[in-house]
Amino acid sequence: MMWDIADGWVWGLVIVGGPLLIGIFMAVASSRRRRLSRTEQKVSDEVAHKNWGKEQIR
């Protein structure tokens, strides 16, 4: 009889916790992927400095 109640709680945790854990994992993975290395950041800053004020707005 106790297993019936426990099964409900387990399924509730799976239904609520599963997508939550997947979302947290995806957020952490994407934030790591977006970071630039030191050399990439340096190149990006140099290019941005060269192009400063040259953008054309349509």
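Residues numbered from 1 in each chain as written. Predicted model: local features only at pLDDT ≥ 70, side-chain atom pairs only at ≥ 80, totals over all residues. Heavy atoms only, no water.

## Topic: the overall build of the protein chain
- A tally of helices and strands in the protein chain yields two helices and zero strands.
- Only carbon and sulfur atoms are counted for the fraction: they give 67% of the accessible area of the protein chain, which is about 6,300 Å². (Helix = DSSP H or I, 4+ residues; strand = E, 2+ residues; numbered from the N terminus. Areas by Shrake-Rupley, 256 points an atom, 1.4 Å probe, with all protein chains shown as cover.)

## Quick word on a nonpolar patch on the surface
- Where nonpolar side chains cluster on the molecular surface, the patch consists of V10, W11, V14, I15 and V16 and spans about 540 Å² of accessible area.
- Overall, I15 belongs to the exposed group, its relative accessible area being 58%. (Patch = residues over 30% accessible without salt bridge, like charges linked within 9 Å, V, L, I, M, F, W, Y side chains within 5 Å. Salt bridge = Lys/Arg side-chain N within 4 Å of Asp/Glu carboxyl O. Buried < 20%, exposed > 50% of the residue type's maximum accessible area, 1.4 Å probe, protein only.)

## What to know about the UniProt feature "transmembrane region" (unreviewed entry) in the protein chain
- The UniProt feature table records "transmembrane region" (unreviewed entry) at residues 6–28.
- Taken end to end, residues 6–28 is 100% helix and 0% strand, and its two terminal C-alpha atoms sit 31 Å from one another. (UniProt positions renumbered as here; feature names shortened; annotations may be inferred.)

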